[in-house]
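What follows is each chain in one-letter form.
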Amino acid sequence: NFRGTNCLSCHHVQPGSVNGAASIIIDTSEEYAKAESFKHWLWTVELVVQLALSLIIAFAVRIIIARNIENPAKKLQATMLRIRDHGDLSLRARIEGKHSDIDEMAETFNLFVENLEEATKGLALFAKVVENSEEAIIISDAENNILSVNKAFTKITGYMPEELIDNVYVSYEGITHPDDRRRVRQEIAHTPSAGQRFSVHYRIAPRCGQIRWVSRA
């Protein structure tokens, strides 16, 4: 079939015989150029799709992190900052029940604050008892530096707390009668260990000059 004409209708040959030859030249450069352009377009589309998918995945991950980690963590941090800034130990971190790790952290934090609040109340009560006690009370460290005194102690010695604390004006040994200082030091030094009771009876020299006998335990 050559250009619509059936050559074999006129030329009768045996099957398998060579009847003729034809040379056909087809220009495919335009189609090839179109194919190359389409291939470049496909690469561009694939790149754009990959970038779009990467952005979508990153955005989705960001939302998940913000919703499940960042936002609850910021709320917990805000509670911590309010407690730090205002000293209000009655504040508690909110437990939403949606974020197991953050909720567990908030629950642990709340337990810590609750214990701290109870300890603070106990210390405040102890400090109130010490301050209003009729007995002279002094708190010192291992080097015999005065850390705190109550009203009764200032009343007995005649020295104000700001003169005594950290031995600013006078040390506890400075109040002790000179004849008793060595003995008092030895009694304290021979105390077996921290937490064990000891008692020493000696004289002090108050600001008024009147010698008084006291017991330290």
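This write-up is about the structure you can find in this document. Everything numeric in this text was worked out from a predicted model, so none of it was measured. Position labels on residues start from 1 in each chain and follow its written sequence. Where totals are concerned, whole chains, interfaces and linings use all residues; where local detail is concerned, this predicted model gives features only for residues with pLDDT of at least 70, and gives and counts side-chain atom pairs only at 80 or more. No hydrogens and no water enter the side-chain calculation; it runs on all heavy atoms of the structure.

## With respect to the nonpolar core
So, point 1. F153, L164, I175 and Y202 are the most contacted members of the largest nonpolar core, which totals 14 residues.
So, point 2. Contacts were defined at the residue level, with two residues in contact if any of their heavy atoms lie within 4.5 Å. Those residues within four positions of F153 in sequence are excluded, and the remaining contacts are A136, I137, I138, L164, Y172 and I175.
So, point 3. In these notes, a set of buried Ala, Val, Leu, Ile, Met, Phe, Trp, Tyr and Cys residues joined through side-chain atoms within 4.5 Å is what counts as a nonpolar core. The cut-offs for exposure are 20% and 50% of the maximum accessible area for each residue type, with area from a 1.4 Å probe on protein chains only; residues under the lower value are buried, those over the upper are exposed, and the others partly exposed. Counting seven residues, the second largest nonpolar core, distinct from the first, contains L76, L89, A106 and F109.

## A closer look at the packing of helix α1 (residues 29-86) against helix α2 (residues 100-132)
So, point 1. Helix axes are fitted only over the stretch in contact, all axes being lines through C-alpha atoms; the angle between N-to-C directions runs from 0 to 180 degrees. Numbering goes from the N terminus for both helices and strands, where a helix is a DSSP run of H or I of at least four residues and a strand is a run of E of at least two. Between α1 and α2, whose axes approach to 10 Å, the crossing angle comes to 10°. Classed by the angle they form, the pair α1 and α2 counts as roughly parallel. Facing N68, I69, P72, A73, L76, T79, M80 and I83 of α1, the residues of α2 in contact are I102, M105, A106, F109 and V113.
So, point 2. Residues that form the contact of α1 with α2 fall into these classes: eleven nonpolar, two polar and no charged. In these notes the angle categories are as follows: under 35 degrees is roughly parallel, over 145 is roughly antiparallel, 65 to 115 is roughly perpendicular, and the rest is oblique. Note that Gly is not counted as nonpolar here; it falls among the polar residues with everything else outside the nonpolar set of Ala, Val, Leu, Ile, Met, Phe, Trp, Tyr, Cys and Pro and the charged set of Asp, Glu, Lys and Arg.

## Considering empty space enclosed by the protein
So, point 1. For each structure, a 1 Å grid was placed over the protein atoms alone; sets of points admitting a 1.4 Å probe that cannot get out are labelled cavities, open sets with protein on both sides within 12 Å along at least five of seven lines are labelled pockets, and lining residues have an atom within 4 Å of a point. Grid points are joined across faces, edges and corners, and a volume is the space filled by probe spheres set on the points. Counted under the stated rule, the structure contains one cavity of 30 Å³ or more.
So, point 2. Each pocket or cavity is described by its volume, and for the largest cavity that value is around 40 Å³.
So, point 3. Together, N144, Y172, E173, T176, R181, V184, R185, I188 and R216 line the largest cavity.
So, point 4. At the level of secondary structure, the elements contributing two or more residues to the lining of the largest cavity comprise α5 (172-175) and α6 (181-189).
So, point 5. Looking at the lining of the largest cavity, the element that brings in the most residues is α6, giving four residues.

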